[in-house]
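Breakdown of the fold
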Amino acid sequence: MIKLTKRQDEILEIVKRNGPITGKEIAEKLSVSRAALRPDLAILTMSGNLDARPRVGYFFNEKLGVKQQAERYIHQKVADFKAHPIVVEKSTSVYDAIVQLFLEDVGTLYAVDSEGHLAGVVSRKDLLRAAIGNRNLQELPVSVIMTRMPNIITIEPEATLFDAAKKMINYHVDSLPVVKEVDNQENTYLLVGRITKTTITRAYLEIMEEKSD
Ligand code: ADP
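Quantities reported herein were computed from a predicted structural model and do not represent experimental measurements.

Take a nonpolar patch on the surface next. Taken together, the side chains of Tyr95, Val99 and Leu103 make up a nonpolar region of the molecular surface, amounting to roughly 300 Å² of accessible area. Along the polypeptide, tyrosine 95 turns up in helix α5 (residues 94–104). Owing to a relative accessible area of 40%, tyrosine 95 belongs among the partly exposed residues under this scheme.

Next up, the structure:
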């Protein structure tokens, strides 16, 4: 897909809102001459963004519009969509972790060490497995049952939602801790958020709702 210029984006917006609209009317809205717009209109028509009908004007191509909107959306930054991480100390008991899971209404907890660095991930299934096999959940720390560093799949705030979606699917996990690496300390991360499959689903819904507005 070609990258549109700012001017071409402006034209698309105008046609989206006002189409069908003639080249002359678009030029007036942008306060430029028709001749100056001709190359942009040619590019937008050839690339399929716009349809043109003689004597009627330009129309917005809805189908391509959705694809572009989805594309723009999927390239949004993790930083802008991340939720608060729900965190427990790694010495927290499995019992308290289960209570926390219900209280916070989440599927995954992140465990941190005494310095607040990411130490583990505790999912629903981890907790269920522990609950089946152990009597005394109040004595059992989550550090025994969690998935720990360096096996945690993380994502950085600057990554895109697309990167996050791919990682969750490829590694079969429901959530990713959003982290910043601590300077000069390998595998030592500060937790700054979480991205879940729900985040991605919500993002998808937002595109579609924006479309039908
Ligand atoms: P659930 O257990 O509710 O199905 P997940 O599919 O996310 O949730 O977790 C499956 C397993 O993967 C669990 O053992 C969990 O500890 C681990 N896990 C979850 N998220 C991550 C992650 N980001 N990186 C590494 N392991 C993870």
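Right, let's talk about the packing of helix α1 (residues 6–18) against helix α3 (residues 34–46) for a bit. At a minimum axis separation of 10 Å, α1 and α3 run at an interaxial angle of 70°. Here α1 lies roughly perpendicular to α3, going by the angle between them. Where α1 approaches α3, its residues Arg7, Gln8, Ile11 and Leu12 are matched on the opposing element by Leu37, Asp40, Leu41, Ile43 and Leu44. When the residues that make up the contact of α1 with α3 are grouped by side-chain class, the tally is six nonpolar, one polar and two charged.

With 13 residues, α1 extends 18 Å from end C-alpha to end C-alpha; this agrees with the ideal 18 Å at 1.5 Å per step. Turning to α1, its buried residues are Gln8, Ile11, Leu12, Ile14 and Val15. All buried residues of α1 project into a common sector of 160° when viewed along the axis, lining one side. Pointing more than 90 degrees away from the buried face of α1 are the exposed residues Lys6 and Arg17.

Here we come to the environment of asparagine 134. Secondary-structure assignment places asparagine 134 in the loop between α6 (124–133) and α7 (142–145). For the pair asparagine 134 and valine 94, spaced 40 residues apart in sequence, the C-alpha to C-alpha distance is 10.0 Å. Polar contacts involving the side chain of asparagine 134 include one to the main-chain carbonyl oxygen of alanine 130, which spans 3.0 Å.

Now for the pattern of salt bridges. Once the charged atoms of two side chains with opposite charge are near each other, the side chains can pair. Per the counting criterion, the structure on display carries eight salt bridges. Between glutamate 13 and arginine 17 there is a salt bridge, with its nearest N and O atoms 3.6 Å apart. With a gap of four residues between them, glutamate 13 and arginine 17 both fall in helix α1, about one helical turn apart. As a salt-bridge pair, glutamate 28 and lysine 24 come within 3.7 Å of each other at their nearest N and O atoms. Residue glutamate 28 and its partner lysine 24 are located together in helix α2 (residues 23–30), separated by four residues, close to a single helical turn. What you see here is one network of salt bridges that share partners, running through Lys6, Arg7 and Glu10.

Thresholds, definitions, all that
Residues numbered from 1 in each chain as written. Predicted model: local features only at pLDDT ≥ 70, side-chain atom pairs only at ≥ 80, totals over all residues. Heavy atoms only, no water. Patch = residues over 30% accessible without salt bridge, like charges linked within 9 Å, V, L, I, M, F, W, Y side chains within 5 Å. Areas by Shrake-Rupley, 256 points an atom, 1.4 Å probe, with all protein chains shown as cover. Salt bridge = Lys/Arg side-chain N within 4 Å of Asp/Glu carboxyl O. Helix = DSSP H or I, 4+ residues; strand = E, 2+ residues; numbered from the N terminus. Buried < 20%, exposed > 50% of the residue type's maximum accessible area, 1.4 Å probe, protein only. Axes fitted to C-alpha atoms, helices over the stretch in contact; angles between N-to-C directions. Parallel < 35°, antiparallel > 145°, perpendicular 65-115°, else oblique. Contact = heavy atoms within 4.5 Å. Nonpolar A, V, L, I, M, F, W, Y, C, P; charged D, E, K, R; others polar. Expected span 1.5 Å × (residues − 1). Arc of directions from axis to C-beta. Polar contact = N/O pair within 3.5 Å; in protein donor to acceptor, adjacent residues only side chain to side chain.

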